[in-house]
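Single-letter residue listing:
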Amino acid sequence: MHFSNFSCLTLKILIKNSKGVFHQAIRMSSATLQQSVWENDPELYEMIKSEKKRQLRGLELIASENFTSTAVLNCLGSCLTNKYAEGYPGTRFYGGTKFVDQVETLCQNRALSAYRLSPDEWGVNVQPLSGSPANFAVYTGVVEPHGRIMGLDLPDGGHLTHGFFTQNKKISATSIFFESMPYKVNQESGLLDYEALHKTARLFKPKLIIAGVTCYSRVLDYKKFREICDDVGAILMADMAHISGLVVAGVTADPFEYCDIVTTTTHKSLRGPRAGLIFFRKGSKVNEKGEKVHYDFESKINGAVFPGLQGGPHENCIAAIATALKQASTPEFKEYATQIIRNAKRLGEGLQAKGYKVVTGGTDVHMLLIDLRSAKITGAKAEYILEECSIACNKNTVPGDKSALNPSGLRLGTPALTTRGFKESDIDQVVDYIDQAIKLGREIGVKSGPKLVDFKKAVHDAEFKDKVESIRNQVEAFSEKFTMPGFECY
Ligand SMILES: *Cc1c(COP(=O)(O)O)cnc(C)c1O
């Protein structure tokens, strides 16, 4: 669509020439272009290598992260990144799309079959650049501007894109362009309060309700969500970003059974590239009242993704999703997903045995939330001392937290470590390191006083420096022994 005259001319010459001259033309013009990043840009390459070392040596407990496969990395670094293909397979706005059409169609077919969906009942859009744009595309497509949306509140474990706003500011674009109303978890039990959701939904009459979480360690009751949506006439959308690897493996509740639309990221427990997917019902079905319901999501959602919000799809990434879905459909992946949950349960039990409080008392899935209020250390300090000990996780609000800016919890997840081959006995060792680091953090906090800046300084004081380093050295020596997919140095 946007070739300049010059590039058009160059292209014609290259195509007209014989094969030999074509190759020579590339070689002559591309001494620089043929260099690897380590030859061509050592400054940047050093940074990438350092990140690789950090990933290898650390214990990765961020619940949304994973280590993707070599095949996924191959696709991401392939020639597919060069291709413009605005539109959809068969209806592109560009020529030369024969092969990317095959790639994208393969990805769509694999997405449906991986989640055991019939192509008569479900469609899928594989172009969203990530989870947030996928969600925004759904709202854009099926909820009119300033239409009403309900999602789990961010401090209670919902995602930003489910409509977060504060007293003074609309934070998420979902709350700027649509009207969002949060629902909550019970502040004592930490469990989702379906009854309150139902009552609020009756008052608010949302067009769409989101069943999805970023920090919640229990299985969602999609059937209950369905009943609430039917009662108030809302569309039910599941955002299974965190758990899509567990769903594909069939080891947790299946949102497809009850939902109209399902969105997901592909880089979390699914272990693919950084991208998003939108599944939508199509065709028609007869509801419980015997009425025929016709779904019109397909054109609305596809139109919202392109041309509504996005331009050219990232076909390299779509290829990577396709290969990740192939892997995710194997018995080996099912075993992986089962082990993720076993490891998360073991992590929760281990921490509880050491006296830590786990929100909701445990986990059914890949992650858990520790409530540090009785452990006498804040989430921010715990996150910092753990990071200094090469253990990566993130601070998070716990139900009942007074301030979202100073949260009292830590969110921990097992998909990444499970990819590296961690089993329950290895998790016991991880529990021990976490406990050592938090105990040291508490000791440092007593000396430094309440302020985070003072705490961070104290961690590097002569008095504590060696203790931190000792834990870090143990963690790194332990972690380095485990396998890691991908390229050796980068
Ligand atoms: C991670 C996540 C997203 C957003 O994904 P990005 O790829 O970071 O945009 C959306 N919804 C939920 C529930 C998530 O956990």
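Looking at an unreviewed UniProt entry, one finds the chain named Serine hydroxymethyltransferase and attributed to Ceutorhynchus assimilis. Recorded in UniProt under Sequence similarities (unreviewed entry), the annotation for the chain is "Belongs to the SHMT family." Recorded under Pathway (unreviewed entry), the UniProt text for the chain is reproduced unchanged: "One-carbon metabolism; tetrahydrofolate interconversion."

A. Examining the pattern of salt bridges more closely. Counted by the stated rule, this structure contains 24 salt bridges. Bridged by salt links that share partners, the residues Arg92, Asp101, Glu104 and Glu315 form one connected network.

B. Seen up close, unusual backbone geometry. Going from Phe306 to Pro307, the amide bond is cis rather than trans, its omega being 10°. Considering the arrangement of structural elements, one finds Pro307 in helix H12 (residues 297–309). You will see that His146, though not glycine, has its phi angle at about 65°, which is positive. Mapping His146 onto the fold places it in the loop between helix H7 (131–142) and strand S5 (148–152).

C. Quick look at the nonpolar core. With 71 residues, the main nonpolar core has Tyr115, Ile209, Leu220, Phe225, Phe256 and Phe279 as its most contacted residues. The element that contributes the greatest number of residues to this core is helix H13 (residues 315–328), accounting for nine residues. Per-domain counts for this core show at least three residues from each of domain 1 (76–328) and domain 2 (331–479). If sequence neighbours within four positions are ignored, Phe256 has contacts with Tyr115, Leu117, Trp122, Met240, Val247, Val262, Phe279 and Arg281. Val358, Ile377, Val468 and Phe482 belong to the second largest nonpolar core, which has 40 residues in total.

Rules of the game
- Residues numbered from 1 in each chain as written.
- Predicted model: local features only at pLDDT ≥ 70, side-chain atom pairs only at ≥ 80, totals over all residues.
- Heavy atoms only, no water.
- UniProt positions renumbered as here; feature names shortened; annotations may be inferred.
- Salt bridge = Lys/Arg side-chain N within 4 Å of Asp/Glu carboxyl O.
- Helix = DSSP H or I, 4+ residues; strand = E, 2+ residues; numbered from the N terminus.
- Core = buried A, V, L, I, M, F, W, Y, C linked by side-chain atoms within 4.5 Å.
- Buried < 20%, exposed > 50% of the residue type's maximum accessible area, 1.4 Å probe, protein only.
- Domains from an automatic or database assignment.
- Contact = heavy atoms within 4.5 Å.

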